[in-house]
Amino acid sequence: MRSFWQGVLIGGITGMVLGLMSAPLMRREMGAPGEKNIASAAKRAIQGVQENIGEMWQRRVKE
């Protein structure tokens, strides 16, 4: 159980470090992050998740 929590802690710290390192690169590629950029990215992400869930549901219904 101890190794599980150590893995969670190390994974979380690694994720934060990678996020902080990639933030300047993403900012350069996207331009200045305005509300429109963030809103459109969020909408695209939600649509992608909805499509994936729909495809998974259709596969289960067919089986």
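To be clear, the structure that these remarks concern was listed above.
Residues numbered from 1 in each chain as written. Predicted model: local features only at pLDDT ≥ 70, side-chain atom pairs only at ≥ 80, totals over all residues. Heavy atoms only, no water.

Caption draft 1: Molecular detail of the overall build of the protein chain. For the protein chain, the helix and strand inventory stands at two helices and zero strands. Accessible surface, the protein chain as shown: approximately 6,100 Å² in total, 65% of it carbon and sulfur. (Helix = DSSP H or I, 4+ residues; strand = E, 2+ residues; numbered from the N terminus. Areas by Shrake-Rupley, 256 points an atom, 1.4 Å probe, with all protein chains shown as cover.)

Caption draft 2: Fine view of the packing of aromatic side chains. Inspection of the entire model under this criterion finds one aromatic pair. A centroid spacing of 4.9 Å and a plane angle of 75° characterise the contact between phenylalanine 4 and tryptophan 5, whose relative ring orientation is edge-to-face. Phenylalanine 4 sits in the partly exposed class, given a relative accessible area of 46%. (Phe/Tyr/Trp six-rings, centres within 6.5 Å; stacked < 30°, edge-to-face > 60°. Buried < 20%, exposed > 50% of the residue type's maximum accessible area, 1.4 Å probe, protein only.)

Caption draft 3: Looking closely at a nonpolar patch on the surface. Residues Leu9, Ile13, Met16, Val17, Leu18 and Met21 make up a contiguous nonpolar surface patch of about 620 Å² in total accessible area. For leucine 9, a relative accessible area of 53% corresponds to the exposed category. (Patch = residues over 30% accessible without salt bridge, like charges linked within 9 Å, V, L, I, M, F, W, Y side chains within 5 Å. Salt bridge = Lys/Arg side-chain N within 4 Å of Asp/Glu carboxyl O.)

Geometric values such as these leave the question of function open.
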